[in-house]
Amino acid sequence: MASRRIRGHAGTTEALVLGFGIGLGIGVFEVLRTGAARLLARHRVFDAVSSASLTSPESLALEKLSSDLHNLTSRLSRTCDRVETWLDCASDSVDSDELDHLSPERSSQRKLIETFHIDPNDLTNPVSGQDADSTSDDPNSLEQLFSEYDRIEEADGGSNRTLRHKILDDILAREEEILARKDSNGMWHLAAAYFHKATKGGELIDGPASSNISDEDKAKMQAELEHGIEFAKAAGDDCWQGHKWIAIFSGILSKFDPIKQKILRAHEYKTHILRAIELNPQDPSCHYLYGRWSFEVAGTSWLTRKAAAALFAEVPSASYEDCLLEFREAHRVSNGNFWRSNSVYIAKCYLKLNEVDKARFWLEKAIEKSATGSLDDQKYLKLAQELLREL
């Protein structure tokens, strides 16, 4: 959500700057055109004077000045023509109804290239920093594919499973093309696609198949997860989605690890989810994921923690108050329009803190939320109903 708002502000700023530039250009153009007209008038006067049969030194000086004025007027006129062409191009590129949707692919840029001999490689997208050719309106372009995936995830948390799976399969099919781009947006989307592939769309984690997975399937899933996490890491330190996916991969991979490696994975998870929150504190899913991590860690007993520290490595620490803060923050930044599971975990935190009335309130809120149709949503609706009956 936040990333989309940032792109929107960038587009608005671009429009304002271009609009300011056009206004300034019009002012300069008028000055140049007026100056050219005045010089032309003076040139004609000097032509008239110099055409007279004068032989005095003044006459020779007038002829020289007339010639200079003629050259200056011609150059100034050509400059005015070029400025006028640019203004026409720039005006064509800005629609008052589409100031937030400026595109470097518009025909005006091609006119600018032809008129001023600009190198097309110097024309970059000021929003994404990518070459102009990479932001095509082609519905089959990678950018369109990524945008469609983002839209589905933001709209309903991925409940449209059929379309979501198709898009992720399409991303996987274009792996070589994505790798050739070497950009962070492509890398983290490829990581998400590999997670989908490794877990069979989540079925091997939360679905019915998760309780009866064969050793062969486990080994295959682990190998694909290890491969996928590398794409998330390749997205770069400034990509919050990359850090978020590193945390997600770490959490699942820890299921295959011995105890010492599990502890190290826990630290890795915390490091990357906190970095994701630092880069984009307005994303509710990052707060939710950190809350889930904290909830698991908070449930580790003191004895287990001490024994693990003595034998393996220090176990991370967290409290149920910490968890509650993250789940409440996810609820806040989403304006209350977030996953049912978040409300259930808020209730679970209050139960751990012996605040039964508040827990009941959040369980009722969880039950009242509109269904999205996803397996995860159905799972937490059932859990909320069970917990409420026990109070």
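Keep in mind the model is a prediction, meaning the values are calculated, not measured.

Rules used throughout
- Residues numbered from 1 in each chain as written.
- Predicted model: local features only at pLDDT ≥ 70, side-chain atom pairs only at ≥ 80, totals over all residues.
- Heavy atoms only, no water.
- Helix = DSSP H or I, 4+ residues; strand = E, 2+ residues; numbered from the N terminus.
- Buried < 20%, exposed > 50% of the residue type's maximum accessible area, 1.4 Å probe, protein only.
- Contact = heavy atoms within 4.5 Å.
- Areas by Shrake-Rupley, 256 points an atom, 1.4 Å probe, with all protein chains shown as cover.
- Axes fitted to C-alpha atoms, helices over the stretch in contact; angles between N-to-C directions.
- Parallel < 35°, antiparallel > 145°, perpendicular 65-115°, else oblique.
- Left-handed = near helix turned anticlockwise from the far one by under 90°.
- Nonpolar A, V, L, I, M, F, W, Y, C, P; charged D, E, K, R; others polar.
- Patch = residues over 30% accessible without salt bridge, like charges linked within 9 Å, V, L, I, M, F, W, Y side chains within 5 Å.
- Salt bridge = Lys/Arg side-chain N within 4 Å of Asp/Glu carboxyl O.
- Phe/Tyr/Trp six-rings, centres within 6.5 Å; stacked < 30°, edge-to-face > 60°.
- Lys NZ or Arg CZ within 6 Å of the ring centre and 35° of its normal.
- Core = buried A, V, L, I, M, F, W, Y, C linked by side-chain atoms within 4.5 Å.
- Polar contact = N/O pair within 3.5 Å; in protein donor to acceptor, adjacent residues only side chain to side chain.
- Expected span 1.5 Å × (residues − 1).

*Asks:* Lay out the overall build of the protein chain in plain terms, naming residues and giving numbers.
*Replies:* Secondary structure summary: the protein chain contains 16 helices and zero strands in total. Expressed as a percentage of the 391 residues in the protein chain, the buried residues total 39%. For the protein chain, long-range pairs separated by at least 24 residues make up 64% of all intrachain contacts whose partners lie at least 6 apart in sequence. Counting every atom, the protein chain has about 21,900 Å² of accessible surface; 53% of that belongs to carbon and sulfur.

*Asks:* So what's going on with the packing of helix α5 (residues 161-173) against helix α7 (residues 184-198)? Which residues, and what values?
*Replies:* Think of two packed helices as two axes; the pair is described by the angle between the axes and how far apart they sit. Look at α5 against α7: their axes get within 9 Å of each other, and the N-to-C directions meet at 115 degrees. One element, α5, and the other, α7, form an angle in the roughly perpendicular class. Every pair of crossing elements has a handedness; the one defined by α5 and α7 is left-handed. For the pair α5 and α7, the contacting residues are His165, Leu168, Asp169, Ile171 and Leu172 in the first and His189, Leu190, Ala192, Ala193, Tyr194, His196 and Lys197 in the second. Residues of the contact of α5 with α7, tallied by class, amount to seven nonpolar, three polar and two charged.

*Asks:* Give a detailed account of a nonpolar patch on the surface, specifying residues and quantitative values.
*Replies:* Where nonpolar side chains cluster on the molecular surface, the patch consists of Ile259, Leu311 and Phe312 and spans about 310 Å² of accessible area. Mapped onto the elements, Phe312 comes out in the loop between α12 (302-311) and α13 (320-333).

*Asks:* Quick one: what's the story with the packing of aromatic side chains, residue by residue and with numbers?
*Replies:* Per the counting criterion, the structure on display carries 16 aromatic pairs. Residues Tyr288 and Phe338 carry aromatic rings whose centres are separated by 6.0 Å and whose planes lie at 75 degrees to one another, so their mutual orientation is edge-to-face. On the criterion of sequence distance, the pair formed by Tyr288 in helix α11 (residues 284-298) and Phe338 in the loop between α13 and α14 (340-352) is long-range, its members being 50 residues apart. The same class applies to Tyr288 and to Phe338, which are both buried. Pairing Phe295 with Tyr320 gives two aromatic rings, centres 5.3 Å apart and planes at 65 degrees, and the pair type is edge-to-face. Residue Phe295 is found in helix α11, and its partner Tyr320 is found in helix α13; the two are separated by 25 residues along the sequence. A single burial state applies to Phe295 and to Tyr320, both of which are buried. Counting every residue linked through ring pairs, the aromatic cluster contains Tyr288, Phe295, Tyr320, Phe327, Phe338, Trp339, Tyr345 and Tyr380. It is Lys365 that lies over the ring of Trp362; its NZ or CZ is 5.6 Å from the centre.

*Asks:* Kindly report on the packing of α14 against helix α15 (residues 356-368), identifying the contributing residues and their values.
*Replies:* The interhelical angle for the contact between α14 and α15, taken along N-to-C directions, is 165 degrees, at an axis separation of 8 Å. In terms of orientation, α14 and α15 fall into the roughly antiparallel class. The crossing of α14 and α15 is left-handed. Seen from α14, the contacting residues are Arg340, Ser343, Val344, Ile346, Ala347, Tyr350 and Leu351; seen from α15, they are Lys358, Ala359, Trp362, Leu363, Ala366 and Ile367. The residue makeup of the contact of α14 with α15, split by class, is 10 nonpolar, one polar and two charged.

*Asks:* An account of the environment of Ile171 is needed here, citing residue identities and associated values.
*Replies:* Considering the arrangement of structural elements, one finds Ile171 in helix α5. The buried category is assigned to Ile171, whose relative accessible area is 0%. Setting aside residues up to four positions removed in sequence, Ile171 forms contacts with Leu145, Phe146, Ile178, His189, Leu190 and Ala193.

*Asks:* Can you break down unusual backbone geometry residue by residue, with the values?
*Replies:* Phi is positive for Lys182, close to 60 degrees, though the residue is something other than glycine. For Lys182, the position within the fold is in the loop between α6 (175-181) and α7. Although it is not a glycine, Asn335 adopts a positive phi angle of roughly 55 degrees.

*Asks:* An account of the nonpolar core is requested, with residue identities and associated values reported.
*Replies:* Counting residues in each nonpolar core, the largest one holds 68 residues, and the members touching the most others are Ile171, Leu225, Trp245 and Tyr288. A total of nine residues in this core trace back to one element, the largest contributor, which is α7. Not counting the four nearest positions on each side in its chain, Tyr288 is found in contact with Phe327, Ala330, Phe338, Trp339, Ser341, Asn342, Tyr345 and Tyr380.

*Asks:* Residues and numbers for the environment of Asp322, please.
*Replies:* Among the secondary structure elements, Asp322 is positioned in helix α13. Asp322 sits in the partly exposed class, given a relative accessible area of 35%. The spatial distance from the C-alpha of Asp322 to the C-alpha of Cys349 is 9.5 Å, given a sequence separation of 27 residues. Reaching out from Asp322, the side chain makes a polar contact with the backbone nitrogen of Ser319 at a distance of 3.0 Å.

*Asks:* Quick rundown of α7? Include the residues and the values.
*Replies:* Counted at 1.5 Å a residue, the expected span for α7 with its 15 residues is 21 Å, and the 21 Å between its end C-alpha atoms agrees. Counting buried positions over the 15 residues of α7 gives 12, a clear majority of the element. By the burial criterion, the buried members of α7 are Gly186, Met187, Trp188, His189, Leu190, Ala191, Ala192, Ala193, Tyr194, Phe195, His196 and Ala198. One or two residues past the end of α7 sits Lys200, with phi positive at roughly 55 degrees.

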